[in-house]
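Structural characterization, general
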Amino acid sequence: MEELLYTLNPAQRHAVTFGDGPLLIIAGAGSGKTRVLTYRIAYLLWRGVPPETILALTFTNKAADEMRQRITALVGSSRAQRLWMGTFHSVFARILRAEAERLGYTPDYTIYDTEDSTGLLRFLLRQLGIGPHVLDPSAARHAISRLKNQLISWQEAAAAATTPRERLVAQLYREYDQQLRANNAMDFDDLLLNTIRLFHHHPDVLARYQERFRYVFVDEYQDTNRAQYVALRLLSSRFRNLCVVGDDAQSIYRWRGADIRNILDFERDFPDATLIRLEQNYRSTKRILALADALIRHNRHQIPKQLWTENPDGEPATLLVCADERDEAAQVVEYIRWEHERGRRYGEIAVLYRTNAQSQPLEEACRRAGIPYVLVGSLSFYQRKEIKDALAYIRLLVNPADSVSWLRILNVPPRGIGAATLEHLRTAARQWNCSFFDALQRCDSIPEIRRSARETLRQLIELLHRFRTALGSYPLEVLVLEYLEAVGLLGYYRGDEDEERYQNLERFIATVAEYAEQSPAPTLQEYLQHVSLVSEIDQAPATGEAVMLMTLHAAKGLEFPVVFITGVEDGLLPIAHAARVLEELEEERRLLYVGITRAQHRLYLSYAQYRRRWGEVLPSRPSPFLSELPAEHIRIEYSPNAVPGAGVFAHRPQASADTSPAVSDDGFSGMRPGARVRHPVFGIGLVESLSGHGQERRVLVRFATVGRKLLLLRYAQLQVLE
DNA sequence: GACCTGCTGATTTTT
DNA sequence: TCAGCAGGTC
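Note that this is a predicted model, so its numbers are computed, not measured. (Residues numbered from 1 in each chain as written. Chains lettered and ligands numbered in written order. Predicted model: local features only at pLDDT ≥ 70, side-chain atom pairs only at ≥ 80, totals over all residues. Heavy atoms only, no water.)

**Thoughts on helix H7 (residues 114-127)**
Side chains of residues three or four places apart in an α-helix project in the same direction, reflecting 3.6 residues per turn. The following threshold applies: Only DSSP runs of H or I with at least four residues qualify as helices, and only runs of E with at least two residues qualify as strands; both kinds are numbered from the N terminus onward. Multiplying 1.5 Å by the residue count of a helix minus one yields the expected span of that helix.
Between the first and last C-alpha of H7 there are 20 Å, a value that for 14 residues agrees with the 20 Å anticipated at 1.5 Å per step. With its phi angle positive at about 75 degrees, Gly129 sits one or two positions after the end of H7.

Here it is in structure tokens:
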């Protein structure tokens, strides 16, 4: 241990050997954050702290696995295995399973993913007779999720609602909540919310966990939302050994409820907290760091910090100007080849982009050039239709009350259960005031349902029951295989002309077998939880010999010798609608910052002059962020297919600092407090005030639909109404 | 109740 | 461009 400490810089060592009490570590990109976290945990273990009293929470499974591996390497697996380590969601799911009865759930509760939730809401909206134009199911899900993340109950939401829309959301929230309970199901947000509820309503349970967790660690703290923060405070209040590590400059999950206040409030809630800054960067060259730093300085909201490095200066970044997205992909591939020829392994190269859709031309170009690549993320295996069908069947074995799964599979494969039958079941459930499943079981007493349909339902329920009772007696994968065959799902997809679906199902059963092999005591319930909370990103092979293709979000926490960031264009990065709201624009800037700081030695940025978007070829402009990067660290390379000169100086504002057309008064005459304006998304609003100058000119508008918004004038596409 | 067709909106990001 | 949904037809 002493030797390990010797390898750390003073700030890192301070953090690792810090005694008891709240600790806030602001860790800049590449400053050895994970190292500090793992060493500190190892240090505590070395000092004799029992591993089962340490709780370490991460944001992704990947981060948790990596941390556990590193700690295993330091202290051995017997102790590392006993640590409580995982994502917020998986650790809380585990706690909730142990305490489910206290909340009126059974330990077999089902976890709904986003799609399940949206489906349930679509169902409820239809039941309320509300069309998607009034309230779209996924917008409703988003709104409810936001409320939940802020710990607002439906009662509170209803009380606070002022607009018809808010009232509707509150009503829907209530129905949704009741449905979840009736289904013995929780959505992602509930895993946090219900844990907090559990702690609030059962002080004895809280006390038990407080007593257990003497040390609590949180990685990527800037990504926590309000609910997570409250849970943390509750859990750590007994020993107050809460150690959080984060970097506000890398906060890229605001849209998911991540609340930057959690960093700022930490020192307020823990006045005796110690703040340690890790500012020495071990990852990137000086020039890459200079680019990142210059960029992030344009953000107004941030904790001041100065990253520095002893690494060499390195090369300037290369900006590739390309004709269109295919040309861009071709250029990227060419430079990948160039790097490879100079001894760079493919596995040391990553290509990053803003949206998953951008991966397609890149994949194609790689394939054509014979360059091995791995696509990280994108449509998860477990989100495919056929896999979700299979999962729905399996969920019902574990939790038959899950009406969402029933609705999904009742007529898959088609067995003559249509809208009419469903409607009768629903009516019956309402009449008898029972769950959907209860109504289903009593379908024989619903005369409105056709005899043949009743018979089909009865057989299905019986089949399910048979497999349910057989649950413990067969190997998991055998049971699943026979079950899916018996209900007709395998046969259904086997007959499909599209063979991929059937192959996916085979793969799926193989993953069940794999799980059963790895787990000491495999259960379907545990398997389902695993599937619900583990994304494919987590399983992305730590590959050796393939170029990694992934979104900027997925790249967080990773590093690569060579990084390409593609599509650095206005409307893509920043993404179109984000550019209009200052907070969102700053988040986009942080996203690019995250991308740049992934690079160790070489950085490439690229943009296309034309890009096909939703089927149409549109001219594309370079991202305004490019103009924020110091020119001396960038070398511009034109694709032979690109129009030279054009568009390059568009991002060099020194030529036209205050006369650039977007900022000039032309088109904005009449923009003054009191003016009525129209915004393409928010509709009509009233200008309250103006601030800033030139490029930074901002306007505060009150919209009827969304309330007050602070907008950057040069992006907002505001139209002044006379 | 099954199947077909046309429309719409998505292309943010994920536990 | 395309998938998924809604509505219409047989």
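Structure shown, so let's carry the discussion forward.
**So, the sheet that holds strand E7 (residues 242-246)**
To be explicit about the condition: What makes two strands pair is DSSP finding at least two bridges between them. Orientation is described by lines fitted to C-alpha atoms, with helices fitted over the stretch in contact, and by angles between N-to-C directions that extend from 0 to 180 degrees. Throughout, a residue-residue contact means that at least one pair of heavy atoms, one from each residue, lies within 4.5 Å.
Strand order in this open sheet of six strands is E3-E2-E6-E7-E1-E8, and the pairing throughout is parallel. With one partner strand each, in any of the chains shown, strand E3 (84-87) and strand E8 (274-278) form the two edges of the open sheet. If you compare each strand with its neighbour and ignore which way they point, the axes differ by 15 degrees on average. Sheet analysis places strand E2 (residues 54-58) next to strand E6 (residues 215-218), joined by four bridges and oriented parallel. Looking at E6, one finds that Leu57 is bridged to Val218. Seen against the sheet, helix H2 (residues 10-17) touches strand E1 (23-27) and E8 and runs at an angle of roughly 140 degrees to E8. Contacts from helix H3 (residues 33-46) reach E1, E2, E3, E6, E7 and E8, with the element oriented near 170 degrees to E6.

**Overview of the packing of aromatic side chains**
Rule in force here: Here is the rule: rings of Phe, Tyr and Trp (six-membered ring for Trp) pair when centre to centre is within 6.5 Å. Planes less than 30 degrees apart are stacked, more than 60 are edge-to-face, and the remainder are tilted. Burial classes follow relative accessibility: with a 1.4 Å probe on protein chains only, a residue under 20% of its type's maximum area counts as buried, one over 50% as exposed, and anything between as partly exposed.
Evaluated as defined, the whole model comprises 18 aromatic pairs. Relative to Tyr604, the ring of Tyr335 lies with its centre 5.3 Å away and its plane at 55 degrees, an arrangement referred to as tilted. With Tyr335 in helix H16 (residues 325-341) and Tyr604 in strand E16 (residues 599-608), the pair connects residues that are 269 residues apart, well separated along the chain. Here Tyr335 matches Tyr604 in class, with each residue buried. Ring centres 5.9 Å apart and planes at 15 degrees place the aromatic pair Trp406 and Phe437 in the stacked group.

**Describing the packing of helix H6 (residues 88-99) against helix H26 (residues 524-533)**
Spelled out, the test is: Any angle that falls under 35 degrees is termed roughly parallel, while one over 145 is termed roughly antiparallel, one within 65 to 115 roughly perpendicular, and all others oblique. Left-handed describes a crossing whose near helix is turned anticlockwise from the far helix through less than a right angle; right-handed describes the clockwise counterpart.
Relative orientation of the contacting elements H6 and H26 amounts to 150 degrees, with a least axis distance of 10 Å. By the criterion of interaxial angle, the relationship of H6 to H26 is roughly antiparallel. Handedness of the H6/H26 crossing: right-handed. Counted together, His89, Ser90, Ala93 and Arg97 of H6 and Gln525, Glu526, Gln529 and Leu533 of H26 form the full contact between these two elements.

**Looking at the side chain of Asp389**
The cut-off we apply is this: Polar contact is defined as a pair of N or O atoms within 3.5 Å, subject to the rule that within protein one atom must be able to donate a hydrogen and the other to accept it, and that residues adjacent in sequence are counted only when both atoms are side-chain atoms.
Mapping Asp389 onto the fold places it in helix H18 (residues 385-398). Asp389 gets classed as buried once you look at its relative accessible area, which sits at 3%. At 2.6 Å, the side chain of Asp389 and the side chain of Tyr493 are in polar contact. Those residues within four positions of Asp389 in sequence are excluded, and the remaining contacts are Arg408, Ile409, Val412, Leu489 and Tyr493.

**What to know about the sheet that holds strand E19 (residues 634-638)**
The strand order E13-E14-E12-E15-E16-E11-E19 describes an open sheet built from seven strands, whose pairing is parallel. Only two strands of the sheet have a single partner each, and these edge strands are strand E13 (373-375) and E19. If you compare each strand with its neighbour and ignore which way they point, the axes differ by 20 degrees on average. Note: strand E12 (residues 349-353) against strand E14 (residues 547-551), four bridges, orientation parallel. For Tyr353, the partnering residue across the bridge sits in E14 and is Thr551.

**With respect to the pattern of salt bridges**
Going by this rule: We define a salt bridge as a contact between a side-chain nitrogen of Lys or Arg and a carboxyl oxygen of Asp or Glu at a distance within 4 Å.
Going through the model one piece at a time under the given rule, you end up with 49 salt bridges. Note that Arg408 is salt-bridged to Glu115, the shortest N-O span being 3.6 Å. Taken as a pair, Arg408 in helix H19 (residues 403-409) and Glu115 in helix H7 lie far apart in primary sequence, 293 residues in all. Look at Arg408 and you get partly exposed, because its relative accessible area is 24%.

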